[in-house]
Amino acid sequence: MATLSKLKELMSIPGAIAAGEFSDDGRLLAYYGDIDEKSAEIAAMMCAANKLMGNMQAKGWSAYTGQGGFYPVMGFAVAGGKYAACIMGNVGVFVELDKADFDKVFETLSKYI
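What counts as what
Positions within a chain are numbered from 1, following the residues in the order the chain's sequence is written. Per-residue local features of the predicted model are confined to residues with pLDDT of at least 70, and side-chain atom pairs are confined, for both listing and counting, to 80 or more; whole-chain, interface and lining totals are unaffected and use all residues. To get the side-chain values, take all heavy atoms of the structure and skip hydrogens and water. Each helix is a run of H or I in the DSSP string that is no shorter than four residues. Each strand is a run of E no shorter than two, and both are numbered from the N terminus. Atoms counted for the radius of gyration: C-alpha only. Globule rule: 2.2 Å times residue count to the power 0.38. Throughout this description, buried means an accessible area under 20% of the type-specific maximum (1.4 Å probe, protein chains only), exposed means over 50%, and partly exposed covers the range between. Whether two residues are in contact is decided by their heavy atoms, any of which lying within 4.5 Å being enough. Reported accessibility uses the Shrake-Rupley method at a 1.4 Å probe radius. Residues are deemed covered only where the shown protein chains occlude them. His residues and chain termini do not enter the charge count, which takes Lys and Arg as positive and Asp and Glu as negative. For this purpose, a charge sits on NZ of Lys, CZ of Arg, CG of Asp or CD of Glu. Pairing between two strands is assigned when DSSP locates at least 2 bridges connecting them. For helices, the fitted line uses only the C-alpha atoms of the stretch in contact; every axis is such a line through C-alpha atoms, and the angle between N-to-C directions lies from 0 to 180 degrees. Excluding any residue in a salt bridge, patches collect residues exceeding 30% relative accessible area, merging like charges within 9 Å and nonpolar Val, Leu, Ile, Met, Phe, Trp and Tyr side chains within 5 Å. Should a side-chain nitrogen of Lys or Arg be within 4 Å of a carboxyl oxygen of Asp or Glu, the pair is scored as a salt bridge. Put simply, a nonpolar core is a bunch of buried Ala, Val, Leu, Ile, Met, Phe, Trp, Tyr and Cys residues held in one set by side-chain atoms that sit within 4.5 Å of each other.

How do you make sense of the overall build of the chain when you look at a structure like this?
When helices and strands are tallied, the chain shows three helices and five strands. Taken from the N to the C terminus, the helices and strands of the chain come in the order α-β-β-α-β-β-β-α. For the chain, the C-alpha radius of gyration of 14 Å lies close to 13 Å, the compact-globule estimate for 113 residues. By its C-alpha atoms, the chain is 45 × 25 × 25 Å across when sized along the principal axes. Put simply, the chain has 113 residues, and 37% of those count as buried. Of the contacts formed within the chain by residues at least 6 apart in sequence, a portion of 42% connects residues at least 24 apart. Surface exposure of the chain reaches about 6,600 Å², of which carbon and sulfur atoms provide 57%. Positive and negative side-chain charges in the chain, numbering 10 and 13 respectively, have mean positions lying 3 Å apart.

Written as structure tokens, this is what we have:
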């Protein structure tokens, strides 16, 4: 489980506005940042659903092509408007697109998988 200190580390990344941890079934386990609890709960469900969908697609693509290496999904990013959600394992950070250093985001997130 991500500790508060880990979530605070994620919040030190340029452009970070919120960080959190979620369970595979979409429950919010912890969060920190400029987000209310209800929004964090919805974000946790969105992250879990996208992770599940990514794994389904990666497993199907691997089976179809005979190529390994796509499954299981380690992480992903979803961007839209002014923000992106970047996830690895069950920990994620929401960042402002115009301020984010995505190399730093995923380097930091990779510590928590």
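Looking at this structure, I do not really get the sheet that holds strand 2 (residues 28–33). What am I missing?
Strand pairing in a sheet relies on backbone hydrogen bonds. The paired strands run either parallel or antiparallel. The five strands are arranged 2-1-5-4-3 in an open sheet whose pairing can be described as antiparallel. Two strands in the sheet have a free side with no partner beyond their single neighbour: strand 2 and strand 3 (75–80). Within the sheet, the average angular offset between the axes of one strand and its neighbour, ignoring direction, is 15°. Direction of pairing for strand 1 (residues 16–22) relative to strand 2: antiparallel, over a ladder of five bridges. Paired with Ala19 across the strands is Tyr32, a residue of strand 2.

Mind showing me how you'd approach a nonpolar patch on the surface here?
Among the surface-exposed residues, Trp61, Tyr64, Phe70 and Tyr71 lie close enough to one another that they form a single nonpolar patch of about 510 Å² accessible area. Tracing the chain through its elements places Trp61 in helix 2 (residues 37–65). For Trp61, a relative accessible area of 44% translates into the label partly exposed.

I would appreciate a short explanation of the nonpolar core in the present structure.
Side chains of a nonpolar character, in soluble globular proteins, are inclined to be buried together. Among the nonpolar cores identified, the biggest contains 16 residues, and Leu10, Cys86, Val93, Val95, Val105 and Leu109 are the most heavily contacted of them. Among the elements of the structure, helix 1 (4–11), strand 1, strand 4 (83–88), strand 5 (91–96) and helix 3 (102–109) are those that each provide at least two residues to this core. Sequence-distant contacts of Val105, that is, excluding residues within four places in its chain, are made with Ile13, Cys86, Val93 and Val95. Residues Ala48, Phe76, Ala85 and Ile87 belong to the second largest nonpolar core, which totals seven residues.

Whenever I open this one, the side chain of Ser62 confuses me. Can you help?
Position of Ser62 among the secondary structure elements: in helix 2. For Ser62, a relative accessible area of 14% corresponds to the buried category.

By themselves, these are just geometric observations and shouldn't be taken as functional.
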